[in-house]
Amino acid sequence: MESNLVIVESPAKAKTIEKFLGKTFNVKSSNGHIRDLSKKDFGIDIKNNFAPNYEISADKKKMVAELKKIAKNSTTVWLASDEDREGEAIAWHLFEALGLKKENTKRIVFHEITKEAIQNAVKNPRDIDDDLVSAQQARRILDRLVGFELSPLLWRKVKPSLSAGRVQSVAVRLIVEREREIINFTYESYYKVTAKFEITDEKGKKVDLDAELQTRFKTKEEVNDFLNNCKKANYKIDEIEKKPSKKSPTAPFTTSTLQQEASRKLGFSVSQTMRVAQSLYESGKITYMRTDSVNLSDSAMNAIKEQIISEFGEKYYKHRLYKTKTKGAQEAHEAIRPAYMENNSVSGTYQEQRLYELIWKRTLASQMSDANIEKTNIIINCSICPQKFIASGEQIKFDGFLRVYTESTDDENGEKTKSTLLPIISKNTPLNLKLINAIERFSKNPPRFTEASLVKKLEELGIGRPSTYAPTISTIQKRGYVIKEDREGKERNFNQFILKNNIISHQLSTEVFAKEKSKLFPTNIGMVVNDFLIKYFENILDFNFTADVEKQFDQIAIGKLKWTNMIDKFYHPFHEKVEKTLLESEHNSGERILGNDPETNKLVLARIGRFGPIVQLGDAEKGDKLVFASLTQDQLIETINLEQALKLLKENKDGRKLGIHPENGRPIFARVGRFGPMVQIGESDDEEKPSFASLLATQNINTITFGEALELFKFPRTIGDYESKTVVIGIGRFGPYIKHKSKFTSLKKEDDPLTINLERAIELIEAKRESDNKKLIKEFPENKDIIVVKDRWGNPTIKFKTKYYRLPKDIVPENLTLEKCIELLPAEKNSKKTVKKTVKTKAKTNTKIKKPTKK
């Protein structure tokens, strides 16, 4: 009989654990968190010491009911979620939601899913760690407060539908500031000089020796003077320096170093690395993958030692202990390593096999001997010139850990050295000059962030924790503040001077520079939001402040700080600043005046429009007819100039001609209109007015085809009848929709307006009705313009036509009368005379209510 219920987070983890426990254990999965903060009133009772209001997620209610039933019939319930703060919080939420009792509930943790680890955990259970739960709860509540207060502010001051987060905003700031460093960077040129000599080695064989001049020249004139002197010079070996050196292995993987190395070596994104690592962990192949510790257990150290000695011999083994250098790291966990060191490969997907091999090699190398290397510098003397050439090389005397693993780096700007084996020669050996090459090089701008280098930077600053890096980077991309992409480079000319056979030749060549691959770029909206937040909430985006918040979470986790005190200290000054900003700050659209159009003398500016970054011709305040054009993906409001803006406006005015309509013979264009990207039949100067159709969210004016444009003019399209009324599919300024009984329902992202059928449309209509009914609190048959409903955050409001008015907290919405609703409306809306008149008129004639006249 199954008398023990074990609850873990994922089905894959449950399946693996089941193998190690007997028939008396029933292993079930919660599929992650089962509860979260309610959307109503932030889900936090601020006046009641920030008491959280949790609710079971809609998609988890059935599963929670099932777990509650099984738990009731079980002798003991074992909460076996992960051993970090998120895992501890999941265990606590399960305890609360299932109504478990302390006397028959046990908390077990393990950092690897092996039989020994699971059985050991069952033998050593503990209680839920309230301090760890408080630390997770503090993070969740703080992030909810920041997000829910800043986001509406951004909607009003910058652009609707924006959102802000505490750690995410700091990550965006790093990327924005790096981009501005690059924009403002001034390239400086210099000349790098290399030479190729011919020598006779000790065996009498003629070999080439490549060397580099240690001096960098600034101008062509300096290069020419130097090369002319070299014509008359003699060369010989002035000195030979040999220096022994060592290379040591790096520590086993933490979460961040795994993310970085998987990005460099395997090309994985940060989220992909964590997804694959999670799968390896849950199938019992590696230890827990969210950790900032570089420790290895004694049993793991012994297994690694045996593996090294058996495979490579005693001289390749060296016992090592590592200490993390990460700010705020917790050494309680173990580094990421294979669960079984004897397995140098595993079954699974190709990605799982590659990541496992990387982890296995790094773990093995961490306990291997140093590599012994001999570095050699040959200094070459020029008889006439004061400068010296140096030929450098290195030779591996003992490979040590390099036999297994070499760490990659993000240093794209550093000169990459090659392991060069130099010929055996002696001091004062004469050299024959074959050629000298002086090539113009340029200083390098700071590199843009990759996902891996951004993780590294966040870790260095002490911002975030192992569990937050991947979601942070994913979130800033999903929100459209940052994009990851490749970009083609630009061409530039460079000079090259060659001295060969005592003749100096010159050539002007072309090279491509600034080519980027999988780099993070800030978008226009990302830069505007960043500037707004820095202007009004500099402390929120301050690196030290954000790192200090992480330290406070750590203090809560070890019981040295009360979480409510930490939140209280932060929230009240922050809330006051939000309120002050709402009153004081002007609308900030990131607007930048570029100048005037020389033909019309109208104002030209760049700004954030409703559908993204645009350039605008005309001044609305002067009553000009406005013309718009979207910026291309690689153009920024901050850097676009007047000439580029006028070109975009001209191209957009003419539009991109796609073809001729097969039925009416009129041209079809793709361009940007006032309400976003669209296609147009006909020209504005035609006697017959043009027809317009909005593009779908997945379409682009630069890539839409003639056939796709024709399909858009099929809207609105009728797909059938429902409840004796026509169902129509259309595309509006806010995207594709269903129209039925004069009501509109938006299509989901997965629905194609060109192919959606009546059955699916009815499904969406009914879902919208159900959602609306849940929001409806009260309606009044005598006046359908006023209803009491919940807004998008679950707050009770009075809806008057299309406007929402939030109710005071002391009002019970269910008890409201029509007269009380009218009384609560703003002064310009609640004229009793107007309302009585409109109610009476509506009752008699069923006509629409007229807008109240302002006094």
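Going by the structure above, here's the rest.
One structure accompanies this document, and this report is about it.

Reading the values: the criteria
Residues numbered from 1 in each chain as written. Predicted model: local features only at pLDDT ≥ 70, side-chain atom pairs only at ≥ 80, totals over all residues. Heavy atoms only, no water. Disulfide = S-S within 2.5 Å. Helix = DSSP H or I, 4+ residues; strand = E, 2+ residues; numbered from the N terminus. Buried < 20%, exposed > 50% of the residue type's maximum accessible area, 1.4 Å probe, protein only. Pairing = 2+ DSSP bridges. Axes fitted to C-alpha atoms, helices over the stretch in contact; angles between N-to-C directions. Contact = heavy atoms within 4.5 Å. Expected span 1.5 Å × (residues − 1). Arc of directions from axis to C-beta. Core = buried A, V, L, I, M, F, W, Y, C linked by side-chain atoms within 4.5 Å. Phe/Tyr/Trp six-rings, centres within 6.5 Å; stacked < 30°, edge-to-face > 60°. Lys NZ or Arg CZ within 6 Å of the ring centre and 35° of its normal. Salt bridge = Lys/Arg side-chain N within 4 Å of Asp/Glu carboxyl O.

## Structural notes on the state of the cysteines
Phase 1: Enumeration according to the criterion identifies zero disulfides in this entry.
Phase 2: Looking at the unpaired C230, the closest cysteine sulfur is the one in C385, lying at 4.0 Å.

## Examining the environment of A767
Phase 1: Secondary-structure assignment places A767 in helix α19 (residues 758-775).
Phase 2: By relative accessible area, which is 43% here, A767 ends up partly exposed.
Phase 3: A C-alpha to C-alpha distance of 39 Å links A767 and H572, two positions 195 residues apart in sequence.

## Regarding the sheet that holds strand β2 (residues 25-29)
Phase 1: The sheet built from four strands is open, its strands ordered β2-β1-β7-β8 with parallel pairing. Two strands bound the open sheet, and with one partner strand each, they are β2 and β8 (105-107). Neighbouring strand axes in the sheet, compared pairwise and without regard to direction, differ in orientation by 20° on average.
Phase 2: This element, helix α3 (residues 85-97), spans β1 (4-8), β7 (76-79) and β8 of the sheet and lies at about 175° to β8.

## Thoughts on helix α2 (residues 61-72)
Phase 1: Over its 12 residues, α2 runs 17 Å from end to end, which matches the ideal 16 Å to within 8%, given 1.5 Å per residue.
Phase 2: Restricting attention to buried positions, one finds in α2 the residues M63, V64, L67 and A71. Seen from one end, α2 has its buried residues packed into an arc of 100°, which puts them on one side. Looking at α2, the residues exposed on the side facing more than 90 degrees away from the buried face are K61, K62, K69 and K72.
Phase 3: Its buried side turned inward, α2 meets β1, β2, β6 (54-56), β7 and α3.

## Quick word on the nonpolar core
Phase 1: In terms of nonpolar packing, the biggest core is built from 148 residues, with F110, L355 and V615 touching the most fellow members.
Phase 2: Broken down by element, the residue count for this core peaks at 11 residues, all from helix α5 (residues 130-157).
Phase 3: Core analysis: the next-biggest nonpolar cluster, separate from the first, contains 30 residues, Y191, F217, F226 and I436 among them.

## Quick notes on unusual backbone geometry
Phase 1: Here the residue pair F715 and P716 is connected by a cis peptide bond, since its omega of -5° sits within 30 degrees of zero.
Phase 2: Its place among the elements puts P716 in the loop between α18 (706-712) and β27 (717-722).
Phase 3: In this structure, N31 takes a positive phi of about 55° despite not being glycine.
Phase 4: Relative to the elements of secondary structure, N31 occurs in the loop between β2 and β3 (35-37).
Phase 5: If you check the backbone angles, S742 has positive phi at about 65° while not being a glycine.

## Quick look at the packing of aromatic side chains
Phase 1: Under the definition given, this model contains 20 aromatic pairs.
Phase 2: Grouping aromatic residues by their ring pairs yields a cluster made of F197, F217, F226, Y235 and F389.
Phase 3: Taking the ring centre of F449 as reference, the NZ or CZ of R178 above it sits at 4.4 Å.
Phase 4: When the ring centre of Y187 is taken as reference, the NZ or CZ atom of R492 above it lies at 5.7 Å.

## Here we look at the pattern of salt bridges
Phase 1: This structure, assessed with the given rule, holds 47 salt bridges.
Phase 2: Of the charged contacts in the structure, one is a salt bridge between R448 and E516, with a shortest N-O distance of 2.7 Å. Here E516 lies in strand β18 (residues 516-522) and R448 lies in the loop between β14 (430-442) and α12 (451-461), a separation of 68 residues in the sequence.
Phase 3: R448 gets classed as buried once you look at its relative accessible area, which sits at 14%.
Phase 4: Note on E516: relative accessible area 10%, which makes it buried.
Phase 5: In this structure, K768 and D772 form a salt bridge, with 3.1 Å as the shortest nitrogen-oxygen distance. Of this pair, K768 and D772 are both found in helix α19, four residues apart, which corresponds to roughly one turn of the helix.
Phase 6: Residue classification places K768 among the partly exposed positions, given a relative accessible area of 33%.

## With respect to the sheet that holds strand β22 (residues 627-630)
Phase 1: Taken in spatial order, the four strands line up as β19-β20-β21-β22 in an open sheet, and their pairing is antiparallel. Since the sheet does not close on itself, it has two edges, and those belong to β19 (592-596) and β22, each with one partner. Pairs of neighbouring strands in the sheet enclose a mean axial angle of 25°, with direction left out of account.

## Points about the pairing of strand β13 (residues 388-398)
Phase 1: Pairing of strand β10 (residues 206-213) with β13 involves two bridges; the strand directions are antiparallel. Bridged to L213 within β13 is F389.
Phase 2: In this sheet, β13 lies alongside strand β12 (residues 371-382) in antiparallel orientation, the contact comprising 10 bridges. Bridge pairing in β13 places I378 opposite A391.
Phase 3: Adjacent in sequence and paired antiparallel, β12 and β13 are bridged by five residues.

## A look at the side chain of R362
Phase 1: For R362, the position within the fold is in helix α11 (residues 350-365).
Phase 2: Taking relative accessible area as the criterion, R362 reaches 3% and is therefore assigned buried.
Phase 3: With residues near it in sequence (within four places) discarded, R362 still touches T250, A251, P252, F253, T257, E261, Y405 and E407.

## Focus: the pairing of β7
Phase 1: Neither face of β7 is exposed, since T76 and W78 on one face and V77 and L79 on the opposite face are all buried.
Phase 2: Two elements, β1 and β7, share four bridges in a ladder whose sense is parallel. Bridging from a neighbouring strand, N4 pairs with T76 of β7.
Phase 3: Here three bridges tie β7 to β8, and the two strands are oriented parallel to one another. Residue pairing in the sheet places L79 in a bridge with R107 of β8.

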